[in-house]
Amino acid sequence: MKTTITYILYYTLLLLLPGVGATFAQSAKPPGTVSGKLVNAQSAAMDYATISLLRAKDSTVVKGTLTNDAGAYTFDNIKPGDYIIKATTVGYTNAVSAAFNVDAGAVNVPLLKMRANVKALNTVTINSTRPLIERKIDRTVMNVENSVMAAGNTAMEILERAPGVTVDNDDNISLKGKQGVTVMINDKLTYLSPANLATLLRSTDGNTIQSIEIITNPSSKYDAAGNSGIINIKLKKNKQVGTNGSVNAGVSKATSFRDNLSLNLNHKEGDLNLFGTFSRGDMPRYRTMGINRIITSGNTDTYFSQLSSMPQATHYNNFNVGADLDVSKQNTVGVVVSGNYNVEYNDNYNTTTIGSAPGVADSSLRTVSMVRQPYKNFAVNFNDRLKIDTLGQALSVDLDYSKFNNNSQANYNTDYFLPDGSTQHAPLNLRNQTPAVIEIYSAKADYTKPVNKTMKFETGGKFSSVKTDNDLQAEKSNGGPYINDTTRSNRFIYTEKIAAAYVNLNKEYKGGSIQIGLRAEYTQSNGNLMGSAPVDRSYLNLFPTLFINQSLSKKNDLSFSYSRRIDRPGYSNLNPFIYYLDPYTYSAGNAFLKPQYTHNFELVYTYNKTIDVTFGYSRTTDADVELILTQGNKSFETHANLQTQIGYNINIYSPYTIFNWWTGSFNLNGFYLGFKSNGVNGGNIDNGRKAFVFKTTQNLLFAGFKGEISGDYRSGLTYGIFNIFPRYSVNAAVGRSFAAKKFNVKLGLDDIFNTLRNDISSHELTNNFTVLQKRDSRLVKLNLTYNFGNSKIKKREHRTGAEDENSRAGGN
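Starting from 1, residues in each chain are numbered consecutively following that chain's sequence as written. The predicted nature of this model means local features are confined to residues of pLDDT at least 70 and side-chain atom pairs, given and counted, to a pLDDT of 80 or more, with totals for whole chains, interfaces and linings taken over all residues. Hydrogens and waters are ignored; side-chain quantities use all the structure's heavy atoms.

Caption draft 1: The arrangement of the overall build of the chain in detail. Within the chain, the regular secondary structure consists of 4 helices and 48 strands. Each residue's exposure class comes from its accessible area (1.4 Å probe, protein chains only) as a fraction of the maximum for that residue type: buried when under 20%, exposed when over 50%, partly exposed otherwise. A total of 812 residues make up the chain; the buried ones form 53% of that total. Here, two residues are considered to be in contact whenever any of their heavy atoms come within 4.5 Å of each other. Considering only residue pairs separated by 6 or more positions, the chain has 67% of its internal contacts joining residues 24 or more positions apart. Method for areas: the Shrake-Rupley scheme with a 1.4 Å probe, in which residue coverage is limited to the protein chains shown. Of the accessible surface of the chain, which amounts to about 34,900 Å², a share of 58% is contributed by carbon and sulfur atoms. Counting from the N terminus, the helices are DSSP H or I runs at least four residues long and the strands are E runs at least two residues long.

Caption draft 2: Broad picture of the pattern of salt bridges. Here a salt bridge means any side-chain nitrogen of Lys or Arg lying within 4 Å of a carboxyl oxygen belonging to Asp or Glu. Enumeration according to the criterion identifies 17 salt bridges in this entry. For Lys444, the salt bridge is made with Asp446, and the minimal N-O distance between the two is 2.4 Å. A salt bridge links Asp622 to Lys594, with the nearest nitrogen and oxygen atoms 3.6 Å apart. Of the two residues, Asp622 sits in strand S37 (residues 611–631) while Lys594 sits in the loop between strand S35 (585–588) and strand S36 (596–607), which places them 28 residues apart along the sequence. In this structure Asp622 comes out as partly exposed when scored by relative accessible area, which is 24%. Note on Lys594: relative accessible area 36%, which makes it partly exposed.

Caption draft 3: Quick look at the pairing of strand S40 (residues 683–702). By definition, two strands form a pair when at least two bridges between them are found by DSSP. Sheet topology places strand S39 (residues 662–680) next to S40; 17 bridges connect them, and they run antiparallel. The partner of Lys676 across the bridge, within S40, is Asp686. In textbook terms, the turn of a hairpin is the stretch between consecutive antiparallel strands, and for S39 and S40 this stretch comprises 2 residues, one of which, Asn681, has a positive phi near 50°. Both S40 and strand S41 (residues 705–714) contribute to a ladder of 10 bridges, which runs antiparallel. Paired with Phe702 across the two strands is Phe705, which belongs to S41.

Caption draft 4: Region of the structure containing a positive patch on the surface. On the surface, Arg55, Lys57, Lys79 and Lys510 cluster together into a positively charged patch. You can see Lys510 is positioned in the loop between strand S30 (490–509) and strand S31 (512–529). Here a patch means residues that are over 30% exposed by relative accessible area and free of salt bridges, tied together within 9 Å if like-charged and within 5 Å if nonpolar (Val, Leu, Ile, Met, Phe, Trp, Tyr). Positive charges come from Lys and Arg, negative ones from Asp and Glu, while His and the chain ends are left out of the count. For this purpose, a charge sits on NZ of Lys, CZ of Arg, CG of Asp or CD of Glu.

Written out as structure tokens, the structure reads:
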């Protein structure tokens, strides 16, 4: 049966590509394969070096490629003849192989070794480093470990500087203007709600991050979640044999002092590789927020003016440990255990003035809220990687278990006053205890089989089971003892099971490639709010993908991709519990939220492998968006499904070199977002707006120092019912290495001019409000790193099976 399916897909592909079938006409001698490995003088792998296959007789270029992380390279479909290999990369002398003959077989080129070529330009020393931003065939990579900006920053702060990424004041992440981003860490989803994901990213030390991958149109091998794409955060992994690692310590100052400490360890001996990362830190933050809103009832307007002072603090302790065992040359098994114990404090001192006209105070209230949220999270992954043969046939299996605990404790105390400052009536005191537990099981398998030299078949499946249990224990007091608040106390249990399977078929042809894929996902869910009718859903969805890459000439490449995506509601957004900012402002979930579906189209033009111009179009139905609605004299935040969301975007990225010691890059993303929906809170929504985001980074080398200056500007934009105001910021950092690069010192200043704000307004539906927000974004930071150990072997990357549910889990 599988053979039949394979041939059906195979010949369907040939019909889609007229003329490609001619490439299967074999000559008297079939083409061969050329492979090899590139290392430096210390025998360490040289990754991302340029490898050229040249004709031996005239040195003309036949093909080109880059080495992978292990320094390996491969050329397929090479005609019989005599060839040589040439390796080049910045900062090293060229390496050239002896001539060799390809004669219808596999040729393994002897090991090539490159030697450093350090050039002194006056007082400037130039060494080879991976660029900050790299464009690969299916993703954009931000190499954080090469940036002095990473020192002292959190993962959330670094994400704000990634190409096409924006983060608002509520820590909602957008990619090319669209929300609905799936966030992964080491190819593993985080299983967290937006609020809890923000806590995790704020407690992830930037010094532990290797790179950030931005995948706007994932293949069917990935979970179908994420309408705007995937952001994959790769943590640092030691690449050395023996015992080695690094220790990092930092201190920074905004409104208050912050500190961070991390340790990376790796031990490789024989067939066993042990590794671990540990980090801790204290991160106090401060934010102010002002809200001015007008509530209209008939012909009467009531004016609310709110001012909030919001000190916050996060204390985090994270760990990630694991082991790999090479059972044989073909089989590696591994285990990874990760967890964290974090405590987050969110206090709010809120004063609200209420009057019949602007500046007139008929009454006022003061609310003091104190929220303490301890998080205890644990996850374990078992993995098995089997190389079935030397032709590329492989099987991988992942088993995952995750458990998240959050026992939120909150106190809200409100006092009411008359215009003269005297007490209006008895205070209202509320307190909540909201224990939340999330358990997730998942299992997945992936199988790869090359059909021939130019065609590869992939298939796999995944099953996940999620249960969230949220128990709101609410109490209230009007000056006397606390009693149970029966209007708010409740329990919400949500279960979800997803079974998925996929197939991919990739075909390479002269000057390009095509890949078609299909993923099927069957979902069963049940949301049960005690005392209400359960919300049951079951649905089967198909998610096709198509990728076409075509080389137009030596310096011009074109690619097209299409995918259908789904975003299931976040677990916390389904939870209908009510949480107060003050008696007139609160938030609540929506148990009736439906999944949103998106069709994504993307066309990418690349010039000279460096300059990228991307055109994108997307259409989303049942768009899951955040709304602020007004009922009576109260405003509340919730989520609802809008009928359609349309998006267009153009993205331009280009690196450049001004001098040998001055390089840089810029990223310009222009986009349009439009929303339409009828019958929302008694009104209709039909709005849209053009907007753009510009980011630039300058890298400087001078007198042994490495400097970096970055800046970004985001124009005003519309998202759902919100008008979001423009914002901009400038950052700078400088670093220097000592003791043969074992000791590194970095000093940075974020938001130099203290301009970073997040202001919004809305005049849609019955809303009439403006929110002005400012956090302590100007931050000076000092970071010290010490590296120890030797450098020979890179340890294996770890990809787990828990890759969709993580981004949606939430406790409260």
